[in-house]
Amino acid sequence: MRSFLLLGIVFLFPYSPAHAQRSFSGAAEIEQSLTKLNELGTVLHIAAHPDDERTPVLAYFARGRHMRTAYLSLTRGEGGQNLIGPEQGAQLGVIRTQELLAGRQIDGATQFFSRAIDFGFTRTAEETMEKWGHDRILSDIVWVIRRYRPDVIILGFSGTPRDGHGQHQASAMLGKEAFAAAGDPKMFPEQLKYVQVWQAKRLAQAAMFGPPPPPGAAAEAAAPEPEADIGAFNPILGYSYEELAVLSRSLNRSQGDGAMRRPGASKTTFTIIGGTPATRDLFDGIDTTWNRIPGGRPVKALLDEVLRTYEPAHPEKAIPALAKVRPLMAAIDDPLAREKLAEVDEAIALCAGLFVEAQARQYSVAPGDSVTVTTTVLNRSTAQVSLQSARVEGIWDQDAQAKPATLGYNQSAEIQLNLKVPANQEYTNPYWLAKPYSANAYQIDDQLLIGLPDTPAAAQMRVRLTVDGAPVELVRPVRYRYADRAIGERVRAFTVVPAVAVNLPEPVALFPDTAARKVQVSVQANVANAKGDLRLEVPAGWKAEPKSQSFEIALAGETHVMTFDVTPPAGETTAKILAVARVSGRDISSGTKVIAYSHFPAQTLFPPAEIKVVRSNIKVTAKKVGYIMGAGDEMPEALRQLGLDVALLSQGDLEQGDLSRFDAIVAGVRAYNVRADIRANQPRLLNYVKNGGTYIVQYQTGDSPDPTAPRGQPVPVFQQPPANPITTNLGPYPFFVPIGNKYRITVEEAPVKFPNADSPLLQYPNHINPKDFDGWVQERGVSFAVQWDPRYQTVLSSQDPGDQALEGGEIWARYGKGVYIFTAFSWFRQLPAGVPGAYRLFANLLSAK
């Protein structure tokens, strides 16, 4: 049954989210739906990351020309920054996935992903190919092309060093290869069990993605190029396609992509780089009508009539003609015709004003427990609607035994099912996180899952109706709809969860000496009367007491916290401890992480219930630390691992608080970019230093702090020497942080040298040596300083392969009685990841006097 459902998703519904919120409704949505039925052109756009897509182009083809339009982002953006919260890595990838899906609801496109992971900025395509695995990601792109069957493929980048980011380059290089490979039966023949080879007609590159072609390409550039009028106004939708793109991209809130609409003329051009030539339009010479499919001509004639006679005030009048179209489509053996058949049913439902949903009584249920699912069918038109039958699919595969009913105007029928979840049912984790994965690619063994943007619904209802005598089949995911008192109506996916969640409040436990420390484990019941035993599985040399603890939790949602005494070995080492709860004969070793933001449905993850334990000799003299949160990170909790008393500083603290009570104050990543209060109180912070405090400023970018500033036109924080450096710069003396990606160290293994080996930041209280830079993750650092006042001293020097050495990742100066430090090394990644050397280095910064 599961394979059948996935095949349906692959060939009929490239994406049918449990949480889909229509961005347009009423006449606008019906007009879009009817026009799309009569358009068979297909566009696939390929680039590297979420927010790499040319969103106006997607909106133009999907909303303006009603074509099947999709964006294949090779990664889910795991290596980016997070402006709205502390999530990093795979969790940030979940956020950016949902942001793209929310944006696609506005611009009308479909979303795909490959197995590639964004491992952070890289300058070369070679490193990208090595880490991703050339053939692995090429096969993913070929798979998406073969199943989506585009007429035109649009690349986001050129595939040359002009693209900058190595992952940008690789996306275009792989896209060019896949354009040909998808039509070659010798390439990835294992896919042909599910799909056929497919050769797109044309390969293009959209303007405004990469830099202009080099001078040697002048003759090619002089040739006429197809263009798209993305500034054209759509009176049905009330926006131009450029405006729709702004609304869509602004949902990339984690990346700070919010922008203002700019109505007006705007066009984009395309350079043809493969396939047949085109001069005026990307679809020159490509038949995008039903005439392209054998047996499709009568379908086109009927749909032409539907569109000619459509009355927005009386959409039900279109139903008889759509009823005639349906059997003609059903008789055509073609994947695209089968997809359009499902669209016909949805169009009839729209014209009839049908409301159909499958509502679970709660959003989650544990294996072995039961859930009530109520399916509602409401007729909100004068059309003659009859409920014939229903079937629940997915976790369950059974007829719903629905009683046939005839529904008059505003009459409804309900089908209520009480369903028991099998005891061995898998949990509803995002499918790409279900198995252990590397830092560079996800492990997805099921070919039918590869490429899908989200996890298929755990269950769905298939409802069969007749509408004015026409048979209609509608599929709705089982989901949970509820009211949030602050936001209003919300939906979230129906989820199968473990009987208990085993959560470790801290991802890392640091042991700076051989003393035992307490490790807490939180057990949260997802069912009533949950009982079992909890144990810690520790590696050799480590000890945990007691061996196990029993628990019994009466109420679902209630949490018990259990404490174990963990003793490390004498020698320095790093290991992992797994917490395991045994409930009803089943081991549960996962926690629950709910990612909840207002611009997409809450996402439930089940991360492994493991904690990284680090035994490393680390000394720190600071005791009390003030932390100024910036764009969101996990540094405060990481610093508490050193035994520090860490207080988060509010605006009131910065304005009026007693800063002298802190041994050190730390500014979080991008704090100066996102918090006006830190800039306003810079004199107080510098006076704190002058009077003997230690102030550490982590990396800041040159992005404009003004949220109304145009996207793509960043305003440097430090572009000209300030008139009064004490009040207008980050530090007591001027230094400069340039815009862009040039001044950063992207290779986490890049060698680090000590240009001032006797610096106290390298000697006290921990002696720093090159081994302290082993085991770093993703990068060394970002947004290094490149010019500074001679009163600053440098500490570290590093460089990417073949690049110039950079010393601006850490500079410091004595100011009055205190110490000021600017450091662009990526502590916000290293400390939460439990990198021992990073802890030792940062402990020295906190201890600087």
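Everything here concerns the structure above.
Description of the structure in this document. (Residues numbered from 1 in each chain as written. Predicted model: local features only at pLDDT ≥ 70, side-chain atom pairs only at ≥ 80, totals over all residues. Heavy atoms only, no water.)

Notes on helix α6 (residues 134-148)
Quick note on the threshold: Segments assigned H or I by DSSP are reported as helices when at least four residues long, segments assigned E as strands when at least two residues long, and all are numbered from the N terminus. Here the expected length of a helix is defined as 1.5 Å per residue gap, with one fewer gap than residues. Residue burial is assigned from relative accessible area. The probe radius is 1.4 Å, only protein chains are included, and a residue is buried under 20% of its type maximum, exposed over 50%, and partly exposed in between.
In this model, α6 (15 residues) spans 21 Å end to end at C-alpha, consistent with the 21 Å of a helix rising 1.5 Å per residue. Along α6, 12 of the 15 residues are buried, which leaves the element largely enclosed by surrounding structure. Within α6, burial applies to Ile-137, Leu-138, Ser-139, Asp-140, Ile-141, Val-142, Trp-143, Val-144, Ile-145, Arg-146, Arg-147 and Tyr-148. After α6 finishes, the residue Arg-149 shows a positive phi value of roughly 55 degrees.

Some remarks on the packing of aromatic side chains
Operational definition: Note on aromatic contacts: the rings of Phe and Tyr and the six-membered ring of Trp form a pair at centre separations within 6.5 Å, being stacked when their planes are under 30 degrees apart, edge-to-face when over 60 apart, and tilted otherwise.
Within the structure shown, the criterion is met by 29 aromatic pairs. On the basis of an interplanar angle of 75 degrees and a centroid distance of 5.2 Å, the ring pair of Phe-511 and Trp-542 is categorised as edge-to-face. A residue pair is termed long-range when its members are at least 10 positions apart, and Phe-511 in strand β22 (residues 508-511) and Trp-542 in the loop between β24 (530-537) and β25 (543-545) qualify at 31 residues. Note on Trp-542: relative accessible area 6%, which makes it buried. A connected cluster of aromatic rings, assembled from ring pairs, spans Tyr-695, Tyr-733, Phe-735, Tyr-792, Tyr-815, Tyr-820 and Phe-822.

So, the nonpolar core
What counts, and what does not: The term nonpolar core refers to a set of buried residues drawn from Ala, Val, Leu, Ile, Met, Phe, Trp, Tyr and Cys, joined through side-chain atoms within 4.5 Å. Working rule for contacts: check all heavy atoms of both residues, and any pair within 4.5 Å makes them a contact.
With 79 residues, the main nonpolar core has Leu-639, Tyr-695, Phe-822, Trp-827, Phe-842 and Leu-846 as its most contacted residues. With seven residues, the top contributor of residues to this core is helix α21 (residues 836-847). Beyond its immediate sequence surroundings of up to four residues, Leu-846 is in contact with Val-620, Ala-622, Val-625, Leu-639, Leu-642, Leu-644, Ala-664, Val-666 and Ile-696. Membership of the second largest hydrophobic core comes to 59 residues, among which are Val-306, Val-385, Val-472 and Val-478.

Details of the pairing of strand β32 (residues 610-615)
Operational definition: At least two DSSP bridges between two strands are required for those strands to pair.
Note: β22 against β32, four bridges, orientation parallel. In the strand pairing of β32, Val-508 is matched with Lys-612. In the sheet, strand β28 (residues 573-583) pairs with β32 via six bridges, with the strands oriented antiparallel. Within β32, the position partnered with Ala-575 by the bridge is Val-613.

Brief notes about the sheet that holds strand β42 (residues 810-815)
The criterion, for reference: Angles shown run from 0 to 180 degrees and are taken between the N-to-C directions of axes, each axis being a line fitted to C-alpha atoms and, for helices, limited to the stretch in contact.
Across the sheet, seven strands lie side by side as β34-β33-β35-β36-β43-β42-β40; this open sheet has mixed pairing. The sheet is open, and its two borders are formed by β34 (645-648) and β40 (793-794), each paired with just one other strand. By the bridge criterion, four bridges tie strand β36 (residues 694-697) to strand β43 (residues 818-823) in an arrangement that is parallel. Looking at β43, one finds that Tyr-695 is bridged to Tyr-820. The strands touched by α21 within the sheet are β33 (624-628), β35 (664-667), β36, β42 and β43, with β36 carrying the most contacts at an inclination of about 135 degrees.

Topic: helix α4 (residues 89-107)
Between its terminal C-alpha atoms α4 stretches 27 Å, which fits the 27 Å expected from 19 residues at 1.5 Å a residue. Judged by how many residues are buried, α4 sits mostly within the fold: 16 of 19 residues are covered. Within two residues after α4, Gly-108 carries a phi angle of roughly 90 degrees, on the positive side.

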